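Now for the letters of each chain:
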Amino acid sequence: MEIVCVHCKSINRVPAGRLQDGPVCGACKQPILPAEPVVLTADSFDAVIARNGLPVLVDFWAPWCGPCRSMAPMYAEAARLLHGRALLAKLDTEAQPAIAARSGIRSIPTLALFKAGHEVAREAGARPAQDIVRWASPFLG
Ligand SMILES: [Zn+2]
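Keep in mind it's a predicted model, so treat the numbers as computed, not measured. (Residues numbered from 1 in each chain as written. Predicted model: local features only at pLDDT ≥ 70, side-chain atom pairs only at ≥ 80, totals over all residues. Heavy atoms only, no water.)

In total, this model carries 10 salt bridges according to the counting rule given. Glu 2 is the partner of Arg 13 in a salt bridge, and the nearest nitrogen-oxygen pair spans 3.1 Å. Within this pair, whereas Arg 13 is found in strand β2 (residues 11-13), its partner Glu 2 is found in strand β1 (residues 2-4), the two being separated by 11 residues in sequence. On the basis of relative accessible area, Arg 13 is assigned to the exposed category, the value being 68%. One network of salt bridges, with partners in common, ties together Glu 2, Arg 13 and Arg 51. (Salt bridge = Lys/Arg side-chain N within 4 Å of Asp/Glu carboxyl O. Helix = DSSP H or I, 4+ residues; strand = E, 2+ residues; numbered from the N terminus. Buried < 20%, exposed > 50% of the residue type's maximum accessible area, 1.4 Å probe, protein only.)

It is worth spelling out the state of the cysteines at this point. Note on terminology: disulfide describes a covalent bond linking the sulfur atoms of two cysteines. Evaluated as defined, the whole model comprises one disulfide. Here Cys 65 is linked by a disulfide to Cys 68, with a sulfur-sulfur distance of 2.3 Å. The chirality of the disulfide connecting Cys 65 with Cys 68 is right-handed, given an S-S dihedral of about 80 degrees. (Disulfide = S-S within 2.5 Å.)

The linkage connecting Ile 108 with the following residue, Pro 109, adopts the cis geometry, with an omega of 0 degrees. Within the fold, Pro 109 resides in the loop between α3 (97-102) and β6 (110-115). The backbone phi angle of Lys 9 is positive, close to 70 degrees, even though this residue is not glycine. Judged by relative accessible area, Lys 9 falls into the partly exposed class, the value being 33%. Despite not being glycine, Lys 29 shows a phi value in the positive range, around 65 degrees. With respect to the element layout, Lys 29 can be found in the loop between β2 and β3 (38-40).

Turning to the coordination of the zinc ion, a few remarks are in order. Protein coordination at the zinc ion comes from Cys 5 (SG), Cys 8 (SG), Cys 25 (SG) and Cys 28 (SG), with a distance range of 2.3 Å. Geometry at the zinc ion is tetrahedral, judged from the four donor atoms that bind it and their angles of 103 to 117 degrees at the metal. Between consecutive donor residues of the zinc ion, the sequence gaps follow C-x2-C-x16-C-x2-C. One end of the pair, Cys 5, is in the loop between β1 and β2; the other, Cys 25, is in the loop between β2 and β3, with 20 residues separating them in the sequence. Residue classification places Cys 5 among the buried residues on the basis of a relative accessible area of 0%. Among the residues examined, Cys 25 registers a relative accessible area of 0% and is labelled buried. (Donors = N, O, S within 2.8 Å, 3.2 Å for Na, K, Ca; no water. Tetrahedral: all angles 85-135°; square planar, octahedral: opposite > 155°, others 65-115°.)

Our focus in this paragraph is the sheet that holds strand β7 (residues 118-124). Taken in spatial order, the five strands make up an open sheet running β3-β5-β4-β6-β7, and their pairing is mixed. At either end of the open sheet lies a strand with only one pairing partner, and these are β3 and β7. With strand direction ignored, the average angle separating the axes of adjacent strands in the sheet is 30 degrees. Across six bridges, β6 lies against β7 in antiparallel orientation. Considered in β7, the bridge of Leu 111 is made with Glu 123. Helix α2 (residues 66-81) contacts β4 (56-61), β5 (87-92) and β6 of the sheet and is inclined by roughly 160 degrees relative to β5. Helix-sheet contacts for helix α4 (residues 129-136) involve β4, β6 and β7, and the interaxial angle to β6 is about 35 degrees. (Pairing = 2+ DSSP bridges. Axes fitted to C-alpha atoms, helices over the stretch in contact; angles between N-to-C directions. Contact = heavy atoms within 4.5 Å.)

What follows is the structure in structure tokens.
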């Protein structure tokens, strides 16, 4: 399975059975599938969304948004629960307004799930970890 490194955008090949074993990037040696949310930037967003063999769940949030900050620990818990099934990522809409605009984000937090570069589900509003997992699971392998 091809996994894009969020740090250097290198494409790594990881056997499907090794996704939860803490694989590191062949180029920059950083973890490519940590059991915690990864941070996307304008530099990495397109490559990570488009080329990943695993579905990518993105939390569009902002530091000034209270519900976003409240959801952060729940989202981190969801990343642990979905480890190996999806890559959970965060996109700071204040730091990356162009991506938020292009993605049509009208309220935050908004969760959007991408498979092979295509958005397959989206939902606005903060929610507990178990609800995130329940909502995303039908779209995951
Ligand atoms: Zn890398």
